[in-house]
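Commentary on secondary and tertiary structure
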Amino acid sequence: MARQKRSSSARITVPPARPPKLTLAPAPLWHRAAEWTLRVLAVSAIVAIVLILVFIAKEAAPIFYSAAVRAEVTLSKMWVPQLWPGYDESASIWQPVSEIPKFGIWPLILGTLKITFVAMLFSIPLGVGAALYVAEYARPRTREILKPSVELLAGIPSVVLGFFALMVMATWFQDWFHLESRLNALVSGVALSFAVIPVIFTLSEEALRAVPRSYVEASTALGAARWQTTLRVVLPAASPGIAAGVALGLGRAVGETMIVLMASGNAAIVSASLVDSARTISATIAAELAEVVFGGAHYTVLFFLGTLLFLTTFCINSLGDWAIRRMKRRLGATS
Amino acid sequence: MTANGVPKPEEQAKLVVRNLTVFYGEKKAVGPVAMDIVGQHVTALIGPSGCGKSTFLRSLNRMNELIPGCRIEGDVRLDGDPIYGQGIDPVAVRRRIGMVFQRSNPFPKSIAENVAYGLRIGGVNDAREIAMRVERALTQAALWEEVKDRLNDSALGLSGGQQQRLCIARALAVEPEVLLMDEPASALDPIATAHIEELINELSEHYTVVIVTHNMQQAARVADYTAFFYLGELVEFDRTDVLFTKPNDSRTEDYITGRFG
Amino acid sequence: MSATGAGAVVRPDREAQARLAARRTRRNFVGDGAMAIASGAALLIVLAVLAIILVDILHNGLPRLSWAFLTQEPREGMTAGGIFPAIVGMVQMVILMTLAGVPVGVATAIYLHEYSSPVSPVTRAIRIAVANLAGVPSIVFGLFGLGFFIQFLGAGIDKVFFHGQKVYGQPALIWAALTMAVLTLPVVIVATEEALRAVPRELREASLALGATKWQTVMHVVVPQAAPGILTGTILAVSRGAGEVAPILFTGAAYFLPQLPTHLSSQFMSPSYHVYVLSTQSPDVDATKPILYATVLVLLVLTFTLNMAAVVVRARMRRRQGVPA
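As a starting point, this report considers the structure included with it. (Residues numbered from 1 in each chain as written. Chains lettered and ligands numbered in written order. Predicted model: local features only at pLDDT ≥ 70, side-chain atom pairs only at ≥ 80, totals over all residues.)

**Overview of the overall build of chain B**
Put simply, the rule reads: The helix and strand labels rest on DSSP assignments: H or I over at least four residues marks a helix, E over at least two residues marks a strand, and numbering proceeds from the N terminus. C-alpha atoms define the radius of gyration in this analysis, and the globule rule sets the expected value at 2.2 Å times the number of residues to the power 0.38. To sort residues by burial, count the other C-beta atoms lying within 10 Å of each one's C-beta; a count of 20 or more means buried, 12 or fewer means exposed, and anything in between means partly exposed. C-beta atoms are built from the backbone. Any two residues are considered in contact once their C-beta atoms, placed from the backbone, lie within 7 Å.
Check the secondary structure of chain B and you find 10 helices and 10 strands. In terms of C-alpha radius of gyration, chain B reaches 18 Å, essentially the compact-globule figure of 18 Å for 261 residues. The principal-axis extents of the C-alpha atoms in chain B amount to approximately 55 × 45 × 40 Å. Out of the 261 residues belonging to chain B, those deemed buried represent 51%. A separation threshold of at least 6 residues defines the contact pool for chain B, and within that pool the share at least 24 residues apart is 69%.

**Side note on the sheet that holds strand 6 (residues 97-100) of chain B**
Residue and element names in this part refer to chain B. We apply this condition: At least two bridges found by DSSP between two strands is the condition for calling them paired. Working convention: axes come from line fits to C-alpha atoms, limited for helices to the stretch in contact. Angles between N-to-C directions cover 0 to 180 degrees.
Strand order in the open sheet formed by 6 strands is 6-7-8-3-9-10, and the pairing between neighbours is mixed. Two strands lie at the open edges of the sheet, namely strand 6 and strand 10 (233-239), each paired on one side alone. Across the sheet, the mean angle separating the axes of adjacent strands is 15° when strand polarity is ignored. As defined by bridge partners, strand 3 (residues 42-46) adjoins strand 9 (residues 225-230) across 4 bridges and the pair is classed as parallel. Note on strand 9: the bridge partner recorded for T43 is Y225.

**A word on the interface of chain C and chain A**
How big an interface is tends to be reported as the loss of accessible area on association of its parts. Stated precisely, the cut-off is as follows: Three classes are used: nonpolar for Ala, Val, Leu, Ile, Met, Phe, Trp, Tyr, Cys and Pro, charged for Asp, Glu, Lys and Arg, and polar for all others, with Gly counted as polar.
Counting from both sides, the interface comprises 65 residues of chain C and, opposite them, 69 residues of chain A. Looking at which element gives the most residues to the side of chain C that touches chain A, the answer is helix 1 (residues 14-61) of chain C, with 17 residues. Each residue belonging to the side of chain C that touches chain A can be placed in one class, and the counts come to 45 nonpolar, 17 polar and 3 charged.

**Brief notes about the sheet that holds strand 1 (residues 13-24) of chain B**
All names here are of chain B. Read across the open sheet, the 4 strands follow the order 2-1-4-5; overall the sheet is antiparallel. Of all strands in the sheet, those bounded by a partner on one side alone are strand 2 (27-38) and strand 5 (81-82). Where strand 1 and strand 2 come together, 8 bridges link them in antiparallel fashion. Paired with V22 across the strands is V30, a residue of strand 2.

**Focus: unusual backbone geometry**
The step from G31 of chain B to P32 of chain B runs through a cis peptide bond, and the omega angle for that step is -5°. When you line up the elements, P32 of chain B lands in strand 2. A positive phi angle, close to 55°, is found at N266 of chain A, a residue other than glycine. With 21 C-beta atoms packed within 10 Å, N266 of chain A lands in the buried category. Here E175 of chain B, not a glycine, exhibits a phi torsion of approximately 55°, which is positive. For E175 of chain B, the location among the structural elements is in the loop between helix 6 (160-173) and strand 7 (178-182). C-beta crowding within 10 Å serves as the criterion here: with 20 such atoms nearby, E175 of chain B is assigned to the buried category.

**Points about the nonpolar core**
The following threshold applies: Nonpolar core, as used here: buried Ala, Val, Leu, Ile, Met, Phe, Trp, Tyr and Cys residues forming one set through C-beta atoms within 7 Å. Start and end positions for the domains come from either an automated domain assignment or a database one.
Ranked by size, the top nonpolar core spans 275 residues in total, and within it A165 and A191 of chain A carry the most contacts. Considering every element that reaches this core, the biggest residue donor is helix 6 (residues 173-197) of chain C, with 17 residues. Counting contributing residues per domain, this core is built from domain 1 (12-61) and domain 2 (71-320) of chain C, each supplying no fewer than three. Beyond its immediate chain neighbours, meaning those up to four positions away, A191 of chain A contacts L161, G162, F164, A165, M169, I259 and A263 of chain A.

**Here we look at the environment of S90 of chain A**
Residue and element names in this part refer to chain A. One can find S90 in the loop between helix 5 (75-79) and strand 1 (94-95). In this structure, the C-alpha to C-alpha distance between S90 and A45, residues 45 residues apart in sequence, is 45 Å. Residues in contact with S90, not counting those within four places in the same chain, are P81, Q82 and L83.

Limitation: the analysis is restricted to geometry and does not speak to function.
Here's what the structure looks like:
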């Protein structure tokens, strides 16, 4: 274990004179300034969300305190069916532009629920099913083509989907199903599902592929068939991620504006039928805000609806994010 | 434990470590360590994996602070100047104590830009000075002849051994006084390893080198002094030939004779 | 396996086992097939829908598409001419949006990933805010643009600089652009953070070990390495900006303007808004149909190209990172 003699090398030159002593040399001033700028800019997201809530609620607040607004509409007048002159029974009617403005919001809520329901009815099986195929059955090379292809659907602007529903789908549906209204909840709900499917697909596919191989191997080694492993092991393991995708998709469906604005017929009626014209909260805001008097009752109510929409999607999305975080934590050991 | 071997008169302690302890949260990772690292010689840190030698090495250039929850107690002095303490800038410390890592980590830039990086951020702007120092650093790292015609090519195109020598050149360009090396050859093939060991030999003429290695034979080949760490403690520190032939502690002897890895 | 308590070993019934096995094999065969077919069918339906939409728009829009269409103004009540002013308006709006939004988004991502501590309440608040910003309905952004930018900032600017004259307190290019910038902020932040996360830790360590400050490390090593990801985020933001209508409905878009926008306070035309209005409020649907389809085609080609460019940039970035060991 003798050490070799150190070879003297002309290559190694002596380091130059000693550098200054070790002291606190504060970073150049502009480094600090730059870092502080980063900090300030980073808070912008919080500022944005807060500003959104504040300024929408601010325009909606008069419904609580303004006498002029409250003369026309109050919270109870919106939620409780009223007996309007000329009608036999009390009803919730949305008719803000008329001699006697009516602000019953149940038609809008119902419309939103109907169209969202149709959208989720189609998008969940299609989104999860497609994700299942791409994650479980497709070969890696094929997957590289299939996944971006489905995600191409996400790249279609919603106004184009609305256009397609209005121009093409509505006619087809009317011809095939002999519907009365050309534009209705069904057409707009189906078109809406096209926008929601990519959301559910992307998150579900990711969740399915994140299921550890060890689970699958254990199940197969016990003699389970492929479909049993998928049904009993893979899908349950991926369910938090799939649920997150569904929650996010739901939030998207509730908040989507253009598709329903263009394809739902915009009739604010209370009806259980899916093939009647309908109207959502978001479409109402979009359609009517252009015509209102600033500060009037109608204006205030529309902003109130906007606040409602914001809070609803806030809750749905928070739920979805919580589910995603739980999924990541559960699989945390493996990833 | 203090140093067993008394340094010869012409061998002065470059880095003096006293009572150095590293904590991760509440857990003590290594220490307390007391060690005199002799200038312009090679000191090797050996021991089984997880014994704390890398943690100790990284506390010599304040790289441990990057890990959240890490706390250092004790004292390290470079030529008498403390490197820990209120008012000491870690950036300045790292300019005088350089480091080469286990897996080479060149920047995705050209060979010349990699070596020049430390100079540029240190404020050197003169193109001629940069070129001269880059050439000197690459020469010292025994890489100049191989890359002098392709200085503008991407550093990622070099072989593993060449990349590691590039990282050494990059560290040398800043002209540190001490070079810390964390298992510099463990990811390399035997021929590249031999090149690196030869380089360490030559560098120790003028630089103080502290090298962590899991390969005892490498320590024996390369180092003047060796420290044996075990389970977070400095067990023994002595001249290499003494440690390997007449170790004081039974744990050292067990490790050296291969009774445990 | 130990014997039962009574001492008798249970002899396996081979015949029954074989029958059970055969039945299970058949069931599995059917089960496997059914699952594959069902999920494959779902995928097929989704792709078919995509194909139908694309084919329909291509088929009806292509005949009308031409260089003249892109460079001329609309004429004769939107039944002839082109959509040049709409393209100009959209480009202007998107440029403003990018200038306002991308630096803020990149700065936020850099702060989140490089500087903030993951457990600090500020970090968590920022992340919650970003996640929720991504989920806010686009019409709510439109309301925000109206309530904050126009009614508050715009009216305030008018009072201070224009003596109460209505210049900025009404729909304007700048307000639409800023509204869009807020809407696309999460896209930029998420893409940038993904890119920052992909930069290997060893590179940061190498830079710090050479005596660089954190800022120098971030600016000279991390951000250049993450540049393709930042580009991806910008491209995706631009794609959203070009396609969204609801936020610009009340903040600056107009159906027909006699001249191109010249000031930040001008209104502007946009192909996406154009499609909406032409579809729902056109006086003569059949006459405007060709223009409508061609506009939709332009919009589609634009967003698809942008999205595909983003995918390519992201793929190349991922491949490039696979090179160093």
